[in-house]
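Spelled out, the chains give:
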Amino acid sequence: MCIKPVKRELVYKENEHLENLVINPYDLYALQNIIEMKKEGTEIICISMGPEGAKEALRRCIALGVDDVIHLSDKHFAGADTIATSYVLKKAIEKIGDVDLICCGQKTVDGETGQVVYALSEQLGMPCIAQVETIMDLSVENASIERENGECIEKLKVRLPAVISYRNCTTIYKKINLLRLKRAKNKEIVVWNRNDLEIDRSMCGLKGSKTIVQDVNKINPMVKKEQTVLDGDIENTAMIIKNIILGKDNGVCTYGK
């Protein structure tokens, strides 16, 4: 299971969570569905690439019922686009080995690209099923999946290993007892860096990215124009409308009877 920690203020308006970074809502929905579907003998591992604060989100995963977590952390991972990110995730999945199902949220609330899951599928050479609503059943060889396709709900059976992404999101954590929270807090987080994954520096972070954000301009707040009510002579009204369209006058016109 791939998760991404995002800034708390992007998800929660109130300071109801002490963590600065929380689980991306799309990933949280996917994670909770996977935990509900867990069967005896299966193991759920969460991996996340991010700064030191990502460990808090990973501890929350443990408290929710995940068996193990891995933090992918290296200064050379910083500034990665979807290509570089998916490459690092791929290397981590290959290092884990013998993985049957890779689950992701459809997108993140801070990036909104929704491309990592497809890039990860391509890099791993596995089929990708997107727009997933829920996993109905899991076996050693197959996963029975319900997903949305336009206005239709499809029921599919995909042969494993495969990559899937969930379309829905949630900000509601299932109830976690204090004992689980305490255990999660005391659990040592496994950290893998660039050397652990045997990644060439040129393949990760800014150097491995195909797209780079040069600048971000703050969008000016929307300006509400005064309303102009036009009534009377048609020719004169048409001329005023023309001037408004050409930018020679301000206002939005409405017709009066």
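Everything here concerns the structure above.
Keep in mind the model is a prediction, meaning the values are calculated, not measured.

Student: Tell me what's going on with the overall build of the protein chain, and back it up with residues and numbers.
Tutor: Secondary structure assignment for the protein chain yields six helices and twelve strands. With 257 residues in all, the protein chain has 41% of them scored as buried. In the protein chain, of all internal contacts separated by at least 6 residues, the share reaching a separation of at least 24 is 68%. When the accessible area of the protein chain is evaluated, it comes to approximately 16,100 Å², of which 49% is carbon and sulfur surface.

Student: Report on the sheet that holds strand 4 (residues 68–72), specifying residues and quantitative values.
Tutor: Hydrogen bonds between backbone atoms are what pair the strands of a sheet, whose relative direction is either parallel or antiparallel. Overall, parallel pairing links the three strands, which are arranged 3-4-10 in an open sheet. Of all the strands in the sheet, just strand 3 (45–49) and strand 10 (190–192) have a single pairing partner and so form its edges. Going from strand to strand, the sheet's axes swing by 25° on average, the running direction of each strand aside. Bridge count between strand 3 and strand 4: five bridges; the pairing is parallel. The residue of strand 4 that forms the bridge with Met49 is Leu72.

What counts and how
- Residues numbered from 1 in each chain as written.
- Predicted model: local features only at pLDDT ≥ 70, side-chain atom pairs only at ≥ 80, totals over all residues.
- Heavy atoms only, no water.
- Helix = DSSP H or I, 4+ residues; strand = E, 2+ residues; numbered from the N terminus.
- Buried < 20%, exposed > 50% of the residue type's maximum accessible area, 1.4 Å probe, protein only.
- Contact = heavy atoms within 4.5 Å.
- Areas by Shrake-Rupley, 256 points an atom, 1.4 Å probe, with all protein chains shown as cover.
- Pairing = 2+ DSSP bridges.
- Axes fitted to C-alpha atoms, helices over the stretch in contact; angles between N-to-C directions.

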